[in-house]
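Now for the letters of each chain:
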Amino acid sequence: MASKEYYERWLKIKEDFEKALAADQKIQDLASDGIGIKPQATAIEIIARVYSQYCILYNRLCECYDQMDQVQRRPYIRQIIDTITCRLLELKSSLETVEFFEYTYPDNALKQMLIIPQDVEILCPFFYPFEIRQKEMQYVIDQIFAGNRIGDPTPTQSELELREQQRLEEETRLREEKEEEIRRKLALGEDIESIHSEVLTPEEKEKRRLEEEYNRHVNNIQRMERSRSIVRLNAKKLNKDNALYLELAGLKKPEASPYMKERAAALIKSIYKRFMEIKREQKRENKLKEKLQMIITSQPKPSEKTELKRVEQIRRSYRQKYHEKWLEDHIKEKAHILQIKEDYIMDDITSEIREWFRVWYNKVRTFDEYPWPEEGGSILVVKGETFTIEEYIEYRAKEDKRLKEEAGNPKSKQQIKAEKLEAKLEQRRIEKEALEKEKKRFSDYRKSRLNPANDPGIYFNVGKQFEKLREAWKDYQTQWRNIDVPDPPLEVIKGYIKDLVVGTAYQEVHLQLRPIVDELMRLELEQLKVSLKNDYNVAGISKPPQSEKRKKPRKPRVPKPEKVPPARMFQELFDEGIIKQHKHLTIDDFWGDRNYAAADMRAIEWTPTFPPPCLGDVREQIRIRCLLTLGSSCRNANRSLLLVGPKGSGKKTLVYALATETNSILIDLSPFNVYNKYPGPKNLKKMFNLINKVSRLMQPAIILVSDADKIFYKKVPPEEKMFDPTRLQKDLYKEIVKPLSDKDKILVIGTASEPWLTKGALMLKVFSSMIVFPRSDYGSISFILKKILMKYHGIDREFNVNSLAQALRGFDINTIRRAIETVLNGDRIAQLYYKPLEPAEILKAAMNDSQCNYIDPFDYDMFTQWYLASSPWGGEYAYYMLMLESQLNYKLKEEKKKKK
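Since the model is a prediction, treat every value here as computed from it, not as a measurement.

Tracing the backbone through its elements, the reader meets S782 in helix 26 (residues 778-789). Residue class for S782 comes out buried when judged on its relative accessible area of 7%. Apart from residues lying up to four places away in sequence, S782 is in contact with V801, N802 and A805.

As structure tokens, this is what we get:
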């Protein structure tokens, strides 16, 4: 796609963004006005429409940010992406609150918008893997994963001498072995020219291995072709000899008459003609079904994604060149401004601040406090965020009144202390009363919802992230409103705008010189205050009026440089097996279909039903609650998550996929992985320190706690006591989860297969959010069977996957994969043409699998009961069911009264 097309797409995004903001503003108005929405399905659709609009915009914004060649627009787009991420998480939370479930279904809103669920799937943006981590840290990770021990400490002189001695000893041993081999071959009369040592680089070894593999395949093909030719010649010779023998022995049958030959040829021709007609009809039907996506071809077309990725990479290289040129021009322009106009800029800033002094002196005969450097200095004066004259006059009146009261009735220190304590207690009492009042209001609201006649409806929460999103959009519009026109110059479409480079350079020079001017002006203000005090003393006023003192802000904490290099810490954790290389998967590799009926079944007004989620719904939850959270800096993002589900349900697969798509390092804190590492309290503390430092230096990072339920055992099984699985129970929250801040691109993900054996409160303190994996369902298994089976050319395109999917419900996906691979071996694939595959064969192989993980509805009910008893959503679900039952009873009573 050309740069102009991306620019046109950006203009269309701007229009859609304005519409989304207007729709979101309506939700804010409903929330601030306290208007209840009835019925519940309407409230869900209102939020879901805005949520879906933002999802589509998020994906389109990420694509523009990645592929747009205008480098000056990209920082603004990135700011919009960050704020829209926070708003998406907030809207997702609102949907969960309205639906009373963690799994939400905006399908009814999608129907109104004429889009499909796949259109609102959150895609992993390009900048997650490549723009979050520093290049130096990425180099360290790549080198250590490649086997280069760059994290080892610098060897001492004695260690270097020892290594050199070992190297010489090894060379001597190899030379002696070579000489011994030569003597042996000379004694036996063998050729000694083949004895030579060759030192190859890893690249040369890999090249030689590939050449040998290629030659081996070529030799196999040639050998098979020669064998086929020889077999064919032998068969021809054997048939010729048999015919000659029968002719000489007088046993050869006479040839058929010409009439019989003609009839046989006609019969063969008619049968073959009908066969080809049937084959052409079947081919046409298959093509039609393939276009309608009713069947999957065994010979898929070349992937368009591969070509798209290649083109995207080329565009990134062009964009990088524009970016480097822009930085170069920016540095030159900034240096030019500093060289030519430094004095003029400092004079302008000085005049601006002196004018501020003059206004205060002329109006109130005093001076305001100078802002602290940590606050921004005089930049607050420019923004108008300092004390105004009106505020000072009001403050002065209150202060004079207070001083008069104290002069008439002076208070001791104990009285002042007691008054402060009393005010503090009064403030606590007011807050407590407000909290109790809010609890009572919420309780009354819930009670009122039990009767449909008194039901006020659903109230929306005011979005805290909406204002930030609108502010980010306003910042962009302020800078680019007059630039984004339908027919712009080339520099607006790609490259950079020279005038903006000059303006940005001026702004940075101003910010660079302002602290210097501030220091000078603070000294000047002190001199002015001394002169003013002298003037007041001459007038007989001993204590001149002063402005309210500014509270000095805390200085930002400057991080201390690490004593141990990051490479050494990473190398140590990698050697201990705590940092691991993981399988490279994507979230799309977690196959499964969505529950398309849930939205309609939940929207039934009086008697809704709640079908369980499907595997595709889990994938969507991971995209929202993990993928978005990991790259965001939102306060409402939850950075610890528990994946609960049966064994083999794909929990680790999704963790590996998440780590791959976000380029995160994987830190394994599973109890069976760390039981024998860093023994003792001091070493355990060291391990946590290393993990915290490495995960922050090399973020994004995922801390995986596999089998997290074993850490919080109520009673450790005897066979697991030797592994001490509860070793991390006390420190996991304090050392890992609690220190996480909004800026950390770190996720703590636990997996659990038997959560009912744990101390639920402790585990949910560490993992405050959870996703429960469902049983493998009919829709997902049908989808998976089609994906796997249709790769085989001999499988009938109309293979009955429906009945097989019904029979395989409850089997894990890996078992189904293994069953298909077991059945469709080489011999069975060769027989498919004349012996079609039967569903019973796969079912039998799945049932006979020794590693099979099957869970029936009764076993899965244990997960459901634990979730309802332990999860915060369990109480919400219980209230919701009670409300539905109560409303239905009231409705039935009203209908009975009307009939009478």
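A few words now on unusual backbone geometry. Put simply, K38 and P39 share a cis peptide bond, and its omega is -10°. Locating P39 in the fold gives a position in the loop between helix 1 (3-33) and helix 2 (40-67). Put simply, Q699 and P700 share a cis peptide bond, and its omega is 10°. By the element assignment, P700 lies in the loop between helix 22 (681-697) and strand 4 (701-705). A positive phi is found at N663, a non-glycine position, where the angle reads about 55°. By secondary structure assignment, the location of N663 is in the loop between helix 20 (651-661) and strand 3 (665-668).

A word on the nonpolar core. With 111 residues, the main nonpolar core has Y54, F460, L785 and L789 as its most contacted residues. If you tally residues by element for this core, the top one is helix 2, at 15 residues. For L789, the contacting residues outside a window of four places in its chain are I795, F799, V801, I820, L824, L837 and I842. Among the nonpolar cores identified, the runner-up in size contains 50 residues, and L642, I703, A708 and V772 belong to it.

Centre-to-centre distance and the angle between the planes together describe a pair of aromatic rings. Counted according to the given criterion, the structure contains 25 aromatic pairs. Ring centres 4.7 Å apart and planes at 15° place the aromatic pair F100 and Y880 in the stacked group. Here F100 is found in the loop between helix 3 (74-99) and helix 4 (107-113), whereas its partner Y880 is found in helix 32 (residues 872-899), with 780 residues between them in sequence. Here F100 falls in the buried class, since its relative accessible area comes to 7%. For Y880, a relative accessible area of 4% puts it in the buried group. Considering the side-chain rings of F145 and F574, the 5.4 Å spacing of their centres and the 50° angle between planes classify their relative orientation as tilted. Pair noted here: F145 is in helix 6 (residues 135-145) and F574 is in helix 17 (residues 566-575), with a separation of 429 residues, a long-range link. Classification of F145 as partly exposed rests on a relative accessible area of 23%. Given a relative accessible area of 23%, F574 falls into the partly exposed group. Each residue in the set W10, F17, Y76, W473, Y476 and W480 is aromatic and connected to the rest through ring pairs, giving one cluster.

What counts as what
- Residues numbered from 1 in each chain as written.
- Predicted model: local features only at pLDDT ≥ 70, side-chain atom pairs only at ≥ 80, totals over all residues.
- Heavy atoms only, no water.
- Helix = DSSP H or I, 4+ residues; strand = E, 2+ residues; numbered from the N terminus.
- Buried < 20%, exposed > 50% of the residue type's maximum accessible area, 1.4 Å probe, protein only.
- Contact = heavy atoms within 4.5 Å.
- Core = buried A, V, L, I, M, F, W, Y, C linked by side-chain atoms within 4.5 Å.
- Phe/Tyr/Trp six-rings, centres within 6.5 Å; stacked < 30°, edge-to-face > 60°.

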